[in-house]
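Spelled out, the chains give:
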Amino acid sequence: MSSIFDKFASLQEQHAALTAAGKSPAEIRFDEIISPTEAMLDGKRTILMGTNNYLGMTFDEEAVDAAITALKTEGTGTTGSRIANGSYNGHEALEQELADFYGMRSAILFSTGYQANLGAISALAGRDDYLLIDADSHASIYDACRLSDAQVIRFRHNDPQNLARKLERLKDKPGNKLVVIESIYSMLGDMAPLKEFIEVKKKYGAYLLIDEAHSLGVMGEKGRGLCEHEGAESDIDFVTGTFSKSIGTVGGFLVSDLPGMDIIRFVSRPYMFTASPPPSVVASARKTLSRIAGASALRKKLWENAAQLYNGLQAAGFELGPTLSPIVAIRLKDAEKAITLWNGLLEAGVYTNLALPPATPFGWYLLRSSISAAHTPEQIALAVEVCTKIGLELGLTTLSNSNKANGAALNGASPSPSSASTEATDTAQPEADEPAARV
Amino acid sequence: MNSSLSTQNDDGIKAIMLEIQNQLRSRTSDSTKIGPQTNITRDLGLDSLAIMDFIFDLEDSFDISIPMERIAEVQTISDLAQAIAILQKEAA
């Protein structure tokens, strides 16, 4: 007898093959969350290296207390959208605080980061407009394109010249052109060449929206992201972002300095037809956001930690993403070895993300880590050590890119926990205090 | 339709088909499968990323942009050639 699920037969087969070697990467269940960087998994204390918890704020005492107070005074949820059920004071206060944080005229709050892109992009680009999106865009941007009535044109990833050719072809067409890019791309951790994109958008009179999901709190002296880091904030028309990474809770936003943005509230379906963020979430987001600008010590630690992991894995001979960032991804061509490496790390007490094609660039299998300021050097050193040991067993790294002393130490009986990350190598080592340095 | 115009269109489509086939030959192990009715996603063993790259190269070759909604309507090489011919006409 046929089933409505028959169309997923090949997906079921892929899933079965994936889980045959161990756990399913998409179905991990933690028994207990101990801290921003540790959890219990199958009775084992496990280091969390795939959570996007960049500043380790999920257990911040002040944010937790603010959430508890809001829970007790305003209840567990808003039970409806702001259009239908009205706003709470916290919604409007958070929007004002976001606008002030970015130094922009207005902000609109969404219930998740996904919905922020979905709601902002689909509403901004209408029937006679054009959306120009980076080919490596997040699913929320692709889904926004499906919800929008605009014509959608993709340009090659991080390629301003390819964008320029596409805008040149549209230069005599009426309608607004909205270019959408991301600051740090979630799979490889590579960054947009922002200034080049700004030159192109200015030349053709296009609008530019940048998703700062992975850079809020992470880049810039005050933590406002790549645009602040590049000194380019006045050239950006729209910024979207999320509270589910450095802010440590859930929710999303759109900010802009353009007058009249509030009308989006009446045309954006993902804003209008979903429940607004609950009071406890808003309270913790407000508390953490208020601390982002002053969190330079945490940012410094985050980049030091990222450099330790990136340099350690590079020294071991792994192929990584092109740029030092808090997202560190090992690029692998072989599915079976990628799955074995991911399971091996889990068995050794290190949780990472396994990202599979077609969600990954160039069909790579990615063992993706996201680093936190809350990680200790010992935790990172252990991850590098275990990764290198399994990588050697699987022939994923021959240590051809590393110095032999490092390899000898790793093959020895008792490797130093920090050996992999502190040895000098013959390849260029990104500096922790130069976050945008490309390698 | 005027017969000379029709011939011009046919010649245009043939030239587009030729370029598509050239682009596909370097991407598939079995180029004997490449014909007007070949289903691009189903018959050639290309994943979605390879197809995206193929489309980018075609855009450069023909100096056009192919909107995503047009790509979604394309199934065969013949469909793609027709879509490119229409986009070229729109751009002219």
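In this convention, every chain numbers its residues from 1, walking through the sequence in written order. All chains are assigned letters beginning at A, and all ligands numbers beginning at 1, according to the order in which they are written. Residues qualify for local features only when their pLDDT is at least 70, as the model is predicted, and side-chain atom pairs are given and counted only at 80 or more; totals for whole chains, interfaces and linings, by contrast, use all residues. Hydrogens are left out, water is left out, and the side-chain values use all remaining heavy atoms of the structure.

### Regarding the overall build of chain B
The numbering of helices and of strands both runs from the N terminus, where a helix is a DSSP run of H or I of at least 4 residues and a strand a run of E of at least 2. When its secondary structure is counted, chain B shows five helices and zero strands. For chain B, the α and β elements follow one another from N to C terminus as α-α-α-α-α. By the compact-globule yardstick of 12 Å for 92 residues, chain B fits well, its C-alpha radius of gyration being 13 Å. When its C-alpha atoms are laid out on the principal axes, chain B stretches across 40 × 25 × 20 Å. Across the 92 residues that make up chain B, the buried fraction comes to 40%. Should any heavy atoms of two residues lie within 4.5 Å, those residues are counted as being in contact. The contacts of chain B with a sequence gap of at least 6 include a subset with a gap of at least 24, amounting to 56%. Carbon and sulfur atoms make up 49% of the accessible area of chain B, which amounts to about 5200 Å² in all. For chain B, the distance from the average position of its 7 positive side-chain charges to the average position of its 15 negative side-chain charges is 6 Å. Here the globule rule is a power law, 2.2 Å times the number of residues to the power 0.38, and the radius of gyration is based on C-alpha atoms. Exposure classes here rest on a 1.4 Å probe applied to the protein chains alone. A residue is buried below 20% of its type maximum, exposed above 50%, and partly exposed in between. Using a 1.4 Å probe, the Shrake-Rupley method yields the accessible areas, and only the shown protein chains count as cover for residues. Just so you know, the count uses Lys and Arg for positive and Asp and Glu for negative, and it drops His and the chain ends. Here the site of a charge means NZ on Lys, CZ on Arg, CG on Asp, or CD on Glu.

### Structural notes on the confidence of the model for chain A
In predicted models, pLDDT denotes the confidence assigned by the predictor to each residue on a 0 to 100 scale. On average, residues of chain A carry a pLDDT of 90, and 90% of them reach 70 or more. A low-confidence stretch, residues 401-428 of chain A stays under pLDDT 50, and its non-local contacts, those more than four residues away or across chains, total 40 contacts.

### Some remarks on the sheet that holds strand β2 (residues 38-41) of chain A
Residue and element names in this part refer to chain A. On the basis of which strands lie adjacent, the open sheet formed by four strands has the order β1-β2-β3-β12 and mixed pairing. The two strands at the open ends of the sheet, each matched to only one other strand, are β1 (32-35) and β12 (350-351). Strand pairing is defined by DSSP finding a minimum of two bridges between the two strands. Pairing of β1 with β2 involves three bridges; the strand directions are antiparallel. Residue pairing across strands places Ser35 opposite Glu38, the latter belonging to β2.

### A closer look at the interface of chain B and chain A
In many analyses, interface size is given as the accessible surface area lost on bringing the parts together. Across the boundary between the two partners, chain B contributes 16 residues, which contact 20 residues of chain A. Here the quantity called buried area is the total loss of accessible area, with a 1.4 Å probe, experienced by two parts when brought into contact, counted for both. Taken together, the two surfaces of chain B and chain A that pack against each other cover about 1500 Å², and 50% of this comes from carbon and sulfur. Together, Leu49(B), Phe56(B) and Met68(B) form the three largest contributors to the area buried by chain B at its contact with chain A, with a combined 37%. The term salt bridge refers to a side-chain nitrogen of Lys or Arg lying within 4 Å of a carboxyl oxygen of Asp or Glu. For the interface between chain B and chain A, the tally reads six salt bridges. Salt-bridge contacts for Arg156(A) lead to Asp60(B); the nearest nitrogen and oxygen are separated by 3.4 Å. Polar contact is defined as a pair of N or O atoms within 3.5 Å, subject to the rule that within protein one atom must be able to donate a hydrogen and the other to accept it, and that residues adjacent in sequence are counted only when both atoms are side-chain atoms. Our enumeration of links across chain B and chain A arrives at nine residue pairs in polar contact (both at pLDDT 80 or more). Sorting the residues of the side of chain B that touches chain A by element identifies α3 (48-62) and α4 (68-73) of chain B as the ones contributing at least two each. The leading source of residues in the side of chain B that touches chain A is α3(B), at eight residues. The residue classification treats Ala, Val, Leu, Ile, Met, Phe, Trp, Tyr, Cys and Pro as nonpolar and Asp, Glu, Lys and Arg as charged. All others, Gly included, are polar. Class assignment of the residues belonging to the side of chain B that touches chain A gives a composition of seven nonpolar, two polar and seven charged.

### Some details on the packing of aromatic side chains
Residues and elements named next belong to chain A. Any Phe, Tyr or Trp ring, taking Trp's six-membered ring, that has another such ring centre within 6.5 Å forms a pair; planes under 30 degrees apart are called stacked, those over 60 apart edge-to-face, and the others tilted. Scanning all chains against the criterion turns up eight aromatic pairs over all chains. Centroid distance Phe30 to Tyr351: 5.3 Å. Interplanar angle 90 degrees. Geometry classified as edge-to-face. Here Phe30, found in the loop between α1 (9-20) and β1, pairs with Tyr351, found in strand β12; they are 321 residues apart in sequence, far enough to count as distant. On the accessibility criterion, Phe30 (26% relative accessible area) is partly exposed.

### As for the state of the cysteines
Residues and elements named next belong to chain A. The criterion for a disulfide is a pair of cysteine sulfur atoms lying within 2.5 Å. Counted under the stated rule, the structure contains zero disulfides over all chains. Cys145 provides the cysteine sulfur closest to Cys227, a residue in no disulfide bond, and the two sulfurs are 19 Å apart. Owing to a relative accessible area of 2%, Cys227 belongs among the buried residues under this scheme.

### With respect to a nonpolar patch on the surface
Residue and element names in this part refer to chain A. A contiguous nonpolar surface patch, about 440 Å² in accessible area, is contributed by Ile4, Phe5, Phe8 and Leu11. Structurally, the position occupied by Phe5 is in the segment before α1. The exposed category is assigned to Phe5, whose relative accessible area is 56%. Each patch is assembled from residues with relative accessible area greater than 30% and no salt bridge, linking like charges that lie within 9 Å and nonpolar side chains (Val, Leu, Ile, Met, Phe, Trp, Tyr) that lie within 5 Å.

### Notes on helix α2 (residues 61-74) of chain A
Residues and elements named next belong to chain A. The end-to-end C-alpha separation of α2 is 20 Å, in line with the 20 Å expected for 14 residues at 1.5 Å each. Where α2 is buried, its residues touch α11 (279-292). Looking one or two residues past α2, Gly75 carries a phi angle of roughly 95 degrees, positive in sign. By this rule the span expected of a helix is its residue count minus one, scaled by 1.5 Å.

### Regarding the nonpolar core
Residues and elements named next belong to chain A. Here the nonpolar core consists of buried residues drawn from Ala, Val, Leu, Ile, Met, Phe, Trp, Tyr and Cys, with membership extended through side-chain atoms lying within 4.5 Å. The biggest cluster of nonpolar side chains holds 89 residues, and the ones touching the most others in it are Leu98, Tyr102, Leu132, Val179, Ile181, Leu194 and Leu313. Tallying contributions element by element places helix α12 (residues 296-315) first for this core, with seven residues. Lining this core are residues from two domains, each supplying at least three of them: domain 1 (14-48 + 295-419) and domain 2 (61-292). Leaving out residues up to four positions away in the same chain, Leu98 has contacts with Ala107, Phe243, Phe253, Val255 and Leu289. Domain delimitation in this document rests on an assignment produced automatically or drawn from a domain database.

### Comments concerning the packing of helix α5 (residues 113-124) of chain A against helix α6 (residues 139-147) of chain A
Residues and elements named next belong to chain A. Remark: α5 packs on α6, axes separated minimally by 8 Å, with the N-to-C direction vectors making an angle of 35 degrees. Handedness of the α5/α6 crossing: right-handed. Between α5 and α6, the residues in contact are Tyr114, Asn117, Leu118, Ile121 and Ser122 and Ser140, Ile141, Asp143, Ala144 and Leu147, respectively. Convention adopted: a line fitted to C-alpha atoms gives each axis, helices being fitted over their contacting stretch, and angles between N-to-C directions are expressed from 0 to 180 degrees. Throughout, a crossing is termed right-handed when the near helix is turned clockwise from the far one, and left-handed when it is turned anticlockwise from it by less than a right angle.

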